[in-house]
Amino acid sequence: MTTTLAIANQKGGVAKTTTVASLGAALAELDYKVLLVDLDPQACLTFSLGVDPEDLEISVHHVLTKGVDPAEVILATEDGVDLLPATIELARAEADLLTRTGREHVIKSLVEQLDEDGHGYDWILLDCPPSLGVLTVAALTAAQGVLIPLQCETLSHRGVGQLLDTVHDVRRFTNRKLEVWGVLPTIFDGRTNHSRTVLETISDTYDLEVIEPPIPKTIKFAEAPAAGRSILSTSRSSKGAKAYREVAGNLIKRSQRPKARAVRKKA
């Protein structure tokens, strides 16, 4: 069975795209078949995996708005994951989908089509745009879980409440089975008390599970996209790569947790 996980935070600069690329590579190292879906018109995930968006004639935009078969758009990458790439055209998708009946289900339909066509993905990771618009709602509607990357700074958690309100609405109207898997601390500076204090505040305020370990702040993350690879390829033994491998292992365990029991646990 495919596990579909949305990585979402409407605040930019929280290492969301880095998280998607790195977790995808970590899961691929464990022999899982992984698809990454770039839902951000800035196409940072696409670029960071070695694909120039300007060279693409078709993208996820055409799948969502024109009915193009996703198999025609999916690309293999050197990191061992498949990619459904984005281009700037995706910026039009919000407007194109706004008046369409069932717009919240366009990504769910994409996932179901891939399953019906026998692609056999173990994991599909959805890189949500930094907003709470149509594409993010559609991603949450398609997902079993949502992971919230969060930079450990005071201002970074101000939008978490809004995101959780959106999750509540999605649960109510389009995806009753959606679960918040937790917060992933990113750009974490273990030398400061501030980072840990912010993390504890988030956990207490919103009653969210914290996914361990925190992703450390390191220049290695900035260097990886220039090579068109994830940090697991460019700096395999770095503390950042090791952290994402450990997080991937913990997410695998989380995916195997009985859902009903998990919901009662959080209540």
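Asker: Can you help me understand the overall build of the chain in this one?
Answerer: Tallying secondary structure elements over the chain gives twelve helices and seven strands in all. The C-alpha radius of gyration computed for the chain amounts to 17 Å, which stays within 12% of the reference 18 Å derived for 267 residues, consistent with globular compactness. Once the C-alpha set of the chain is aligned to its principal axes, its extents read approximately 50 × 40 × 30 Å. Looking at the chain as a whole, 53% of its 267 residues are labelled buried. As displayed, the chain has an accessible area near 12,300 Å², and 49% of this comes from carbon and sulfur atoms. Computed over 30 positive and 35 negative side-chain charges, the inter-centroid distance for the chain is 8 Å.

Asker: Sorry if this is basic, but what is going on with the pairing of strand 6 (residues 145–151) here?
Answerer: If a strand is regular, its side chains alternate between the two faces of the sheet. Taking burial as the measure, the seven residues of strand 6 include seven buried ones, the bulk of the element. Where strand 1 (residues 3–7) meets strand 6, three bridges bridge the pair, whose relative direction is parallel. Its bridge partner lying in strand 6, isoleucine 7 is registered against leucine 147. Where strand 6 lies against strand 7 (residues 179–186), seven bridges are found, and the strand directions are parallel. Pairing of leucine 147 across the sheet is with glycine 182, part of strand 7.

Asker: Looking at this structure, I do not really get the pattern of salt bridges. What am I missing?
Answerer: Once their charged atoms are close, side chains differing in charge can pair, the charge on each being opposite to the other. Taken as a whole, this structure holds seven salt bridges when the rule is applied. Its salt-bridge partner being aspartate 79, residue arginine 229 comes within 2.6 Å of it at the nearest N-O pair. In this pair, arginine 229 is assigned in the loop between helix 9 (220–223) and helix 10 (231–234) and aspartate 79 in the loop between strand 3 (75–76) and strand 4 (82–84), connecting sequence segments 150 residues apart. Residue class for arginine 229 comes out partly exposed when judged on its relative accessible area of 24%. Owing to a relative accessible area of 9%, aspartate 79 belongs among the buried residues under this scheme. In this structure, the salt-bridge partner of arginine 92 is glutamate 89, at a minimum N-O distance of 3.9 Å.

Asker: So what exactly am I meant to see when it comes to unusual backbone geometry here?
Answerer: The bulk of non-glycine residues show a negative phi, and the bulk of peptide bonds are trans. Here glutamate 212 and proline 213 are connected by a cis peptide whose omega angle stands at -5 degrees. Looking at where proline 213 falls in the secondary structure, it is placed in the loop between helix 8 (193–206) and helix 9. Backbone geometry places aspartate 31, a non-glycine residue, at a positive phi of 70 degrees. Relative to the helices and strands, aspartate 31 is located in the loop between helix 1 (16–29) and strand 2 (34–38). The class for aspartate 31 is exposed, based on a relative accessible area of 72%. The residue alanine 43 is not glycine, and still its phi comes out positive at about 55 degrees. You can see alanine 43 is positioned in the loop between strand 2 and helix 2 (44–48).

Asker: Please clarify how the side chain of serine 230 should be interpreted in this entry.
Answerer: Mapped onto the fold, serine 230 is located in the loop between helix 9 and helix 10. With residues near it in sequence (within four places) discarded, serine 230 still touches Ala21, Ser22, Ala25, Asp79 and Ala224.

Asker: Is there a simple way to explain the confidence of the model for the chain in this structure?
Answerer: Detail in the predicted coordinates should be disregarded across regions flagged by low pLDDT. Predicted confidence across the chain gives a mean pLDDT of 89, with 96% of residues reaching 70 or more. Here residues 260–267 is a poorly scored stretch, pLDDT under 50, and it has eight contacts once near neighbours within four places are set aside; other chains count.

Rules behind the numbers
Residues numbered from 1 in each chain as written. Predicted model: local features only at pLDDT ≥ 70, side-chain atom pairs only at ≥ 80, totals over all residues. Heavy atoms only, no water. Helix = DSSP H or I, 4+ residues; strand = E, 2+ residues; numbered from the N terminus. Rg over C-alpha atoms; globule rule 2.2 N^0.38 Å. Buried < 20%, exposed > 50% of the residue type's maximum accessible area, 1.4 Å probe, protein only. Areas by Shrake-Rupley, 256 points an atom, 1.4 Å probe, with all protein chains shown as cover. Lys, Arg positive; Asp, Glu negative; His and termini not counted. Charge placed at Lys NZ, Arg CZ, Asp CG, Glu CD. Pairing = 2+ DSSP bridges. Salt bridge = Lys/Arg side-chain N within 4 Å of Asp/Glu carboxyl O. Contact = heavy atoms within 4.5 Å. pLDDT = per-residue confidence, 0-100.

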